[in-house]
Every structure is written in structure tokens, then in C-alpha cells.
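Spelled out from the first residue to the last, the chains are:
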Amino acid sequence: MNGTRAVERLTVMAGDTQVASQVGLHLLGELADRSGLTSAYSVAVPWAGERAPTHDRGRLLAQLAVMLAGGGECVADLAALRDQHDLFGEVASAPTTWRAVHEIDDTVLDGLRAARAGARAKVWEATAAPQEVILDVDAALVEVHSENKEQAASSFKGGYGFHPMFCFADHSGEALAGMLRPGNATANSGADQLAVVDMAIDQLPERYRAGHRPGDDPGEVTHRIVVRADTAGAVSAFVHGLVARNIEFSVYARVNDQLASAIAAVAETAWRPAVNAEGEVRHAGEVAELDIELDGWPEGTRAICRREQPHPGAQLRLWDTDGWRHQVTLTNSTGDLLALELGQRRHARVENAIKALRDTGLDRMPFRSFAANAAWLELVLAGNDLLCWLRTGGLDGGELARAEPKALRYRLLHTAARIVRRARRVVLRLPAHWPWADTLARAYRRVALIGT
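Residues numbered from 1 in each chain as written. Predicted model: local features only at pLDDT ≥ 70, side-chain atom pairs only at ≥ 80, totals over all residues. Heavy atoms only, no water.

A. Examining unusual backbone geometry more closely. Phi is positive for Q151, close to 65°, though the residue is something other than glycine. Among the secondary structure elements, Q151 is positioned in the loop between β3 (142-143) and β4 (153-154). On the basis of relative accessible area, Q151 is assigned to the partly exposed category, the value being 41%. The backbone of N246 shows a phi angle near 60°, a positive value even though the residue is not glycine. When you line up the elements, N246 lands in the loop between α10 (236-244) and β9 (248-252). Look at N246 and you get partly exposed, because its relative accessible area is 21%. (Helix = DSSP H or I, 4+ residues; strand = E, 2+ residues; numbered from the N terminus. Buried < 20%, exposed > 50% of the residue type's maximum accessible area, 1.4 Å probe, protein only.)

Printed below as a string of C-alpha cells:
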């Protein structure tokens with residue numbers, strides 16, 4: 001056939017044994033090993049049978065996390081690693097992996113979480129860890145298409161599945177904690193929100209945890225922690241629980257008559273233009289602090305309101321007046337109201353973090369057992385951590401350090417290389433014309449420094 005072609009003509013032959021694909025996933029496995037995640041997983045999964053299993057359970061679970069980070073969605077996708085023996089060695093079969101996940105009970109699950117926390121401490125020590133930690137709490141609906149999964153239920157949006165609660169570190173996108181819940185669980189459960197925050201605190205290095213347990217002396221705090229949430233976080237039990245942990249809160253309020261009256265009482269001269277991340281005047285929006293004392297809220301709670309003209313097609317709500325849309329932030333943080341309002345607006349980035357989890361296996365709960373799916377969720381979080389640690393610890397800025405999982409896989413993780421054996425060493429020779437070859441080589445060198 002003649003005409004314009006999109007690709008060059010070539011002949012396809014099978015049989016080359018010196019080319020490996022998915023070499024970027026080997027880097028994620030190296031990151032799991034260097035951070036101590038793999039070895040800690042092995043300790044967390046004891047073997048109590050008569051014979052030790054052929055496949056070390058810690059190694060198996062770490063390979064599952066690598067597979068999920070690489071875009072795999074189910075146990076069968078481990079075949080992508082199994083077919084690359086020179087890179088990944090022995091990889092368990094699907095039935096063995098299936099049994100290993102079902103063996104994880106609550107005690108082992110706690111051990112896996114502790115292993116991830118230990119690995120995080122090593123990675124944060126080797127990278128530019130933040131002085132203060134901003135945590136974002138949010139829930140996400142996970143649709144399933146089977147009625148045979150334990151505790152799957154109808155959701156408030158008419159779907160069916162699970163409704164896990166998450167807590168993310170804003171500076172890196174790390175999913176510090178996730179709690180699998182039935183689909184009919186509420187988004188504004190103060191008990192669940194506090195539980196996932198406590199799980200997230202356990203994931204932080206020791207110096208960040210100081211002073212952030214219920215009843216701790218505020219003088220013990222060495223690192224400030226702020227928890228942000230949307231209107232689902234405007235729950236008395238949740239907010240007071242954060243204050244008891246010496247944690248600052250910033251949540252969107254459900255506007256009521258009291259807040260509506262306070263908004264109407266703001267003088268026109270009190271409204272200040274909102275700012276963007278660079279501190280410059282934003283293209284839209286004005287901010288003012290409301291003169292109000294809210295019953296039932298912690299002492300020192302501030303109400304900061306942003307108003308802006310609705311975008312074309314948007315409808316005004318009952319409490320919106322004079323053609324403005326209003327959104328109120330409740331916080332006990334001190335500082336300039338413009339900076340605080342900007343910080344709460346950044347809570348919207350949690351949607352990107354949840355999207356990254358969906359691209360890393362969250363949307364597939366492959367097991368019937370609720371406990372097995374909870375273990376799967378923990379491995380999803382581990383896979384997401386590996387991607388975040390690669391960005392912060394392996395990529396020295398630039399475009400890929402901000403890339404989403406799909407872009408990172410397409411450009412870096414799924415590349416191929418030639419295997420060269422020299423003096424009993426296996427060497428990966430990357431294509432000379434590949435624009436990311438130097439980036440991957442530098443990432444290997446940077447990851448090698450973690451844990452040393």
C-alpha cells in the first residue's frame with residue numbers, strides 16, 4: 001500500500017534475549033530496597049507453617065507495590081515483572097500472590113504500615129523534608145461491578161462499592177493513610193476522619209509526631225501540622241479532636257443563617273483582592289474576615305470568606321447575594337487572612353492526589369474478602385509512595401518531577417534497555433538517542449544514596 005506513513009518500515013523478529021523492558025520499574029524496586037521497605041515487609045509477614053515459603057512474602061509484596069506503581073491493576077499483571085528475570089529475579093505466580101494477600105490479617109497489616117513509615121523516614125532524611133506538614137483529608141468513591149465483595153454497598157451518589165477515607169501530605173502527594181470503608185459510609189464521619197489522621201501521624205518520622213497525640217503538651221511540638229478538609233470536615237468531633245492533638249485545622253464551612261448574616265454585614269471597604277501562589281493579585285475573588293463567634297467551635301476559630309463572580313452557567317446558592325458566590329473557611333491558624341484563604345484553596349490539589357491513586361490500582365478491588373481488599377489498598381498506597389519518593393528523591397526537579405503517574409510511566413518507567421554482562425555484573429545500556437537516559441541514570445545514583 002502506497003501513501004503517507006506514520007512509521008518506518010521494518011521486519012519484526014522474536015528471540016532476542018539481551019533486551020529488557022520496564023527497566024524504570026527496576027528503579028522503583030531499587031528504591032523499595034534502599035529505603036528498607038522490602039526487608040521490613042519480610043519482618044512484618046512472619047511464616048508460621050512447617051516449611052518456609054519458596055517466595056519471601058516481603059519480597060512478593062514489594063514486587064506487588066512496584067507493579068501497581070508501574071500501572072498494573074490486578075494480580076495477573078505481575079507477569080510484566082515475571083517475564084523480566086534479569087531485572088526482577090523470581091516473581092511469584094498469580095495463585096501464590098493471591099494466597100499471600102489473603103494471609104494478611106489486621107496484625108500483619110499494622111506491620112506493613114509500620115514498614116512503610118520506616119521507609120518514609122529514610123527517604124525524608126535523604127531529601128528536602130518540609131519544616132511544617134500540611135495534611136489533606138478526603139474520601140473517594142470506588143465503584144465495583146460485583147455484588148460478591150464483602151461490605152460493598154450503595155453510595156450516596158447512587159453507585160455501588162467502597163468509600164475509603166484518605167490523608168495526603170500536600171508537599172509531595174504521598175498518601176500517608178487510607179482506610180477502606182463500606183460504600184454507604186459517610187464522608188463527614190468525625191471518628192473516621194480522626195482515625196485516618198492518627199494513621200497519617202504514625203506515618204511521619206518521629207520528630208514530626210512529637211506533641212501530636214491526644215492530650216500532649218503543646219510545648220512538645222517541634223513541627224507544625226495543619227489539617228485541611230472540605231465541608232465534610234466541618235464536624236465538631238473532628239475539629240475538637242485536632243485541637244486536642246495540637247493540630248491546626250482549616251475547613252470549608254456549611255453556610256448557615258448566622259454566617260449569611262455575618263457575610264451581609266461586611267463593609268464593601270473590608271473586602272481585599274485574593275492572591276495567587278506568587279502573592280500577586282488573583283484574577284478573581286475578594287476576601288474578608290467575618291466578625292462572628294461560632295457556637296461549639298474551638299476558641300480562636302476564625303471565619304474567612306471569599307466572594308467571586310460565578311462563572312458562566314453556574315447557579316447561585318440560597319446564601320449568595322448581590323450576584324456573588326461566597327465560600328467560608330474556618331480555621332484556628334494565625335496569620336494574614338489572604339495567605340490562610342490561599343492555603344485552604346490549595347486543598348483542591350487533593351483531587352489530583354486521589355486521581356494518582358486511581359491510576360495506581362485504587363479503582364480495582366480484586367478480592368472478595370474485605371480484609372484482602374484492605375491489604376490491597378495498603379499496597380496501592382505503597383506503590384503511590386514509590387512514585388512520590390522517585391519524584392522527590394530521584395528526580396532533581398524538572399518536568400518529570402511534576403509528572404503524573406501515567407506520564408512518568410510513558411516517558412521513564414516503561415522504557416527498554418540492552419542487558420550487557422561484564423565481569424559478573426549485569427549492566428543496563430540505555431538507548432543513546434533516548435532523551436531521558438541521563439535522567440534515569442542520575443535517578444539510580446540518587447536512589448543509591450538513600451539509607452546509606
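B. Representation of the packing of helix α3 (residues 57-69) against helix α14 (residues 370-394). For the pair α3 and α14, interaxial distance at closest approach is 8 Å and the crossing angle is 65°. Read as a crossing pair, α3 and α14 show a hand that is right-handed. Listed contacts from α14 to L61, L64, A65, V66, M67, L68 and A69 of α3 are W376, L379, V380, A382, G383, L386 and L387. Its residues assigned to classes, the contact of α3 with α14 comprises 13 nonpolar, 1 polar and no charged. (Axes fitted to C-alpha atoms, helices over the stretch in contact; angles between N-to-C directions. Left-handed = near helix turned anticlockwise from the far one by under 90°. Contact = heavy atoms within 4.5 Å. Nonpolar A, V, L, I, M, F, W, Y, C, P; charged D, E, K, R; others polar.)

C. Examining the pairing of strand β8 (residues 225-229) more closely. With respect to burial, β8 is a largely interior element, 5 of its 5 residues being buried. Going residue by residue along β8, you find I225, V227 and A229 tucked away on one face and V226 and R228 tucked away on the opposite face as well. In this structure, strand β2 (residues 133-139) lies alongside β8, joined through 4 bridges in parallel fashion. Counterpart to L135 in the pairing with β8 is V227. Bridging between β8 and β9 involves 4 bridges; their strand directions are parallel. When the sheet's bridge partners are listed, A229 is paired in β9 with V251. Read from β8 through α10 to β9, the crossover connection turns out right-handed. (Pairing = 2+ DSSP bridges. Right-handed = clockwise from strand over helix to strand, strands pointing away.)

The values are spatial; any link to function lies outside them.
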